[in-house]
Amino acid sequence: MTESAPTRILPQAPPLVVIRDLSKVYERGRQRIEVLHHVNLDIPRGDFLALMGPSGSGKSTLLNLIAGLDLPTQGSLSVDGQRIDRLSATALARWRAANVGFVFQFYNLLPALSAQRNVELPLLLTRLSAARRRRHAAIALELVGLSDRAAHQPNELSGGQQQRVAIARAIVSDPQLLVCDEPTGDLDRHSAEEVLTLLQRLNREYGKTMIMVTHDPKAAEFSRRTLQLDKGTLVDG
Amino acid sequence: MKYLPLLIAALLRKKVRTLLTLLSVAAAFALFGMLDAVRVAFEAPRSVVGIDRLITSSRLSLIQPLPAAYRARIASLPGVRAVTFASWFGGIYQDPKNFFANFAVDPATYFDMYPELVLPPAQRLAFLKTRTGAVVGQTLADRFGWRVGDRIPLKATIFPNRDGSAVWTFALVGIFQAAAPELRASERQMLFHHDYFDEGRDLDQGTVGWYVERVTDPTQAARVAQAIDRQFANSAYETRTQSEREFQLAFAEQIGDIGLIVKAIMGAVFFTLVLLTGNTMAQSLRERIPELAVLKTIGFTNRAVLLLVLAEAVLLLWIGGLLGLVLARLSLPAIREATAGQIDLSMQTESWVLGLGLMTVIGIAVGLPPALKAMRMRIVDALAGR
Ligand SMILES: Nc1ncnc2c1ncn2[C@@H]1O[C@H](COP(=O)(O)OP(=O)(O)OP(=O)(O)O)[C@@H](O)[C@H]1O
Ligand SMILES: [Mg+2]
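Residues numbered from 1 in each chain as written. Chains lettered and ligands numbered in written order. Predicted model: local features only at pLDDT ≥ 70, side-chain atom pairs only at ≥ 80, totals over all residues. Heavy atoms only, no water.

(A) Quick look at the overall build of chain A. When helices and strands are counted, chain A shows seven helices and 10 strands. With 237 residues in all, chain A has 53% of them scored as buried. Accessible surface for chain A amounts to roughly 10700 Å². Of this, 48% is attributable to carbon and sulfur atoms. (Helix = DSSP H or I, 4+ residues; strand = E, 2+ residues; numbered from the N terminus. Buried < 20%, exposed > 50% of the residue type's maximum accessible area, 1.4 Å probe, protein only. Areas by Shrake-Rupley, 256 points an atom, 1.4 Å probe, with all protein chains shown as cover.)

(B) Looking closely at the site of ligand 1. As a matter of local geometry, ligand 1 sits amid 16 residues, with S55, K59, S60 and T61 of chain A together with R386 of chain B nearest to it. Looking at what sits near ligand 1, you find residues from chains A and B. The backbone of G58 of chain A places a nitrogen or oxygen atom 3.0 Å from an oxygen atom of ligand 1. Between ligand 1 and H215 of chain A there is a distance of 3.0 Å, counted from an oxygen atom to a side-chain nitrogen or oxygen. Alone, ligand 1 offers 630 Å² of accessible surface; in the complex the protein occludes 76% of this. Elements represented by at least two residues in the shell around ligand 1 include exactly β1 (17-28), β2 (31-43) and α1 (59-66) of chain A. Along the lines of polarity and charge, the residues of the shell around ligand 1 split into four nonpolar, seven polar and five charged. (Near = heavy atom within 4 Å. Polar contact = N/O pair within 3.5 Å; in protein donor to acceptor, adjacent residues only side chain to side chain. Nonpolar A, V, L, I, M, F, W, Y, C, P; charged D, E, K, R; others polar.)

(C) Quick peek at the nonpolar core. Counting 49 residues, the largest nonpolar core has L6 and F29 of chain B as its most contacted members. Where this core is concerned, the elements lending two or more residues are α1 (4-12), α2 (15-43), α9 (244-287), α10 (289-297), α11 (302-338) and α12 (349-376) of chain B. Per-element tally for this core: the top contributor is α11 of chain B, with 12 residues. By size, the runner-up hydrophobic cluster in this structure holds 36 residues, among which are L109, V119, V144 and C180 of chain A. (Core = buried A, V, L, I, M, F, W, Y, C linked by side-chain atoms within 4.5 Å.)

(D) View of the interface of chain A and chain B. Every contact between the two is made by 26 residues of chain A and, on the other side, 21 residues of chain B. Interface area, chain A with chain B, both sides summed: about 2100 Å², of which 70% is carbon and sulfur. Our count for the contact surface shared by chain A and chain B stands at one salt bridge. Linking R378 of chain B and D70 of chain A is a salt bridge whose minimum nitrogen-to-oxygen distance equals 3.8 Å. Run the count over chain A and chain B and you get two residue pairs in polar contact (both at pLDDT 80 or more). Counting only elements with at least two residues in the side of chain A that touches chain B, the list comes to β1 and α2 (89-99) of chain A. (Contact = heavy atoms within 4.5 Å. Buried area = accessible area lost by both parts, 1.4 Å probe. Salt bridge = Lys/Arg side-chain N within 4 Å of Asp/Glu carboxyl O.)

(E) Inspection of the pairing of strand β12 (residues 239-243) of chain B at higher detail. Residues and elements named next belong to chain B. Alternating residues of β12 divide into T239, T241 and S243, all buried, and R240 and Q242, none buried. As judged from the five bridges shared by strand β1 (residues 53-58) and β12, these two strands associate in the antiparallel manner. Residue pairing in the sheet places L54 in a bridge with S243 of β12. (Pairing = 2+ DSSP bridges.)

(F) Inspection of the pattern of salt bridges at higher detail. What the rule picks out here adds up to 24 salt bridges over all chains. The salt bridge involving R124 of chain B is made with D112 of chain B; its shortest N-O contact spans 2.9 Å. Taken as a pair, R124 of chain B in helix α5 (residues 121-129) and D112 of chain B in helix α4 (residues 110-113) lie far apart in primary sequence, 12 residues in all. Owing to a relative accessible area of 24%, R124 of chain B belongs among the partly exposed residues under this scheme. Linked through salt bridges whose partners overlap, the residues forming this network are K24 and D70 of chain A together with R378 and D381 of chain B.

(G) Seen up close, the packing of helix α5 (residues 159-171) of chain A against helix α6 (residues 189-206) of chain A. Residues and elements named next belong to chain A. Contact pair α5 / α6: the axes reach a minimum separation of 9 Å and the direction vectors enclose 15 degrees. Taken as axis vectors, α5 and α6 run roughly parallel relative to one another. For the crossing formed where α5 meets α6, the hand is right-handed. Between α5 and α6, the contacting residues are G160, Q163, R164, I167 and I171 on the first element and S191, E194, V195, L198, L199 and L202 on the second. (Axes fitted to C-alpha atoms, helices over the stretch in contact; angles between N-to-C directions. Parallel < 35°, antiparallel > 145°, perpendicular 65-115°, else oblique. Left-handed = near helix turned anticlockwise from the far one by under 90°.)

(H) Just the environment of L196 of chain A, in detail. Residues and elements named next belong to chain A. Following the sequence through the fold, L196 ends up in helix α6. For L196, a relative accessible area of 3% gives the class buried. Considered as a pair, L196 and A219 are 23 residues apart in the sequence and their alpha carbons are 6.9 Å apart.

(I) Spotlight on the packing of aromatic side chains. All names here are of chain B. This structure, assessed with the given rule, holds 28 aromatic pairs over all chains. Seen from their ring centres, F89 and F170 are 6.3 Å apart, and the 85 degrees between their planes marks the pair as edge-to-face. Pair noted here: F89 is in the loop between β3 (80-88) and β4 (101-105) and F170 is in strand β8 (residues 167-178), with a separation of 81 residues, a long-range link. For the pair F89 and F170, a shared accessibility class is recorded, and that class is buried. (Phe/Tyr/Trp six-rings, centres within 6.5 Å; stacked < 30°, edge-to-face > 60°.)

(J) Spotlight on α5 of chain A. Given a rise of 1.5 Å per residue, 13 residues ought to cover 18 Å, and the 19 Å separating the end C-alpha atoms of α5 of chain A matches this to within 8%. The buried fraction of α5 of chain A amounts to 12 of the 13 residues, a majority that puts the element mostly inside the structure. In this structure, the buried residues of α5 of chain A make contact with β6 (100-103), α3 (115-120), α4 (130-143), β7 (177-181) and α6 of chain A together with α10 of chain B. (Expected span 1.5 Å × (residues − 1).)

(K) Examining the side chain of T84 of chain B more closely. Residues and elements named next belong to chain B. Along the chain, T84 falls in strand β3. On the accessibility criterion, T84 (0% relative accessible area) is buried. Here the side chain of T84 touches T109 through a polar contact of 2.7 Å, side chain to side chain. The residues touching T84, leaving out its near neighbours within four places in the chain, are D106, T109, Y110, M113, W210, Y211 and V212.

(L) Expanded view of the confidence of the model for chain B. Of all residues in chain B, 92% have pLDDT values of 70 or greater, and the mean over the chain is 87. Taken together, the chains of this predicted complex give a pTM of 0.69 and an interface ipTM of 0.88. (pLDDT = per-residue confidence, 0-100.)

(M) Representation of the pairing of strand β6 (residues 133-137) of chain B. Residue and element names in this part refer to chain B. Most of β6 is tucked away: five of the five residues are buried. Taken together, the five bridges between β6 and β8 define a ladder with parallel strand orientation. Paired with A134 across the bridge in β8 is L172. Note that β6 and strand β9 (residues 189-193) share three bridges and pair antiparallel. Bridged to V135 within β9 is L191.

Rendered as structure tokens:
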């Protein structure tokens, strides 16, 4: 991870994420649920976008599509110039490993692995040597302020600390895009602010492009801009 | 290899459950190790050694002796290339529990008849020259710590010594070895001079227990056997001549059944093991769906997840299975001690290889259903708890 000067959004550069006419339909038996309707959205490099909206409006669905966890039913979706809606499952997995970091509401750490090993997980998919993996993980843990907890198991950490370990895991392979689905949804106010400040720092100091789904207007204040999703359609907020 | 911590972490997740599974796998493979040693031991005599040998004993029973004079008459029959003879002694060394075969043989011809018993030439000469001399197999010598030069007293059960005592003392002049590992059972016998024995006993003198013939042409063995028996038909000592092969085949049939029983037992054990372990694996997988979803999220391919779950099952089987085989290996000598050498089994390389193969196959069998499930699992569904 290279330390760089505070980045600004660069409107003249091509956007990192380009979404055109994107629809997602889930079929449950006979039932067809259209979760996203013809969404159009550009996300510039260096953006910190907060996605808000009522429960069931399709926030997670949109986030998962952008992160390459699922494929759209219709429309196009490119990230950094690559049409990820056209990738095979295996290619998509490789693409995720190289390009996206994930932060979930419930941290999703592996319970039997130490913080250090949890952070190292994404690096197992790279060609890095064991020593280098350890070093990179140590740097990431340092960055989230948990160097002294490297050997701890997840159940020995507070919720806020676990979420910071999860953030370290998300950034350890230095992806350009971070997606966070209600990262503070399970945290008290104080821990939530710590986590949000950290995310903000990653955006401002390290130029990570962030997309964060949240229910909390206070959390959204940490972002650069907020979009509202309602019944599968983007509305300006 | 770098995924090993991941596998171990998966197994350590529920320590008690993993331990119980390991124990049931170990128990199954300990049983396998012992039963397979039985199978190997029984299937061993399937060799071509002795294809040209006939055994002539009394028609009435094996205990009934035959006149020593038969030797020359048998030797003169066409198709008979060589004859030797032996008599059962049935002596006891120190304690009846120390049972081993011991009998009197003709030192001049016996080892020519049994080339698979290898006695160094110098020791063979010593055996020929020493009237009270005896030779034993390597296994037997090892068992009692005998060395050439030792004096070995045997207590007679059938033939008291002429001097009135029941004890016969022999000088150990040689130790023979089986020419091939599968013939090791023949190393558990003691042989001594027929002359010394015959002169020393005051019962059945001038008789021998049985004759062994080598035929010129193995394909004519049956005809030669009939010719021998015809020679002594209607005499006071009628004979029954069998090929060693026939003898072994009859034995092997018996063994076929044992092989079948062993296979049936192992089938039942492994069937239960597959059900049990399969169930545990399925349960463990259900609990770990969110974790596997995370692995997929951060970029593990479907195939990688499949292999990871499979490897976990195979690793579990290997650890438990090897533990079981080691247990079997350690308990076989204990069984030999407990049965005073009557049950002397050992685990052959064959069993280890077969065991490892079984572990792998069972590991894949129990790991495949959950592994396929994990592979097919959709990330978004798993993350949403669907
Ligand atoms: N795999 C699926 N199969 C069927 N329906 C689905 C699936 N995934 C999402 N849905 C439906 O799509 C709608 C949008 O879901 P989504 O998770 O995107 O909402 P959300 O905005 O993230 O809500 P929340 O704020 O509660 O997390 C919901 O009605 C949900 O039930
Ligand atoms: Mg959601």
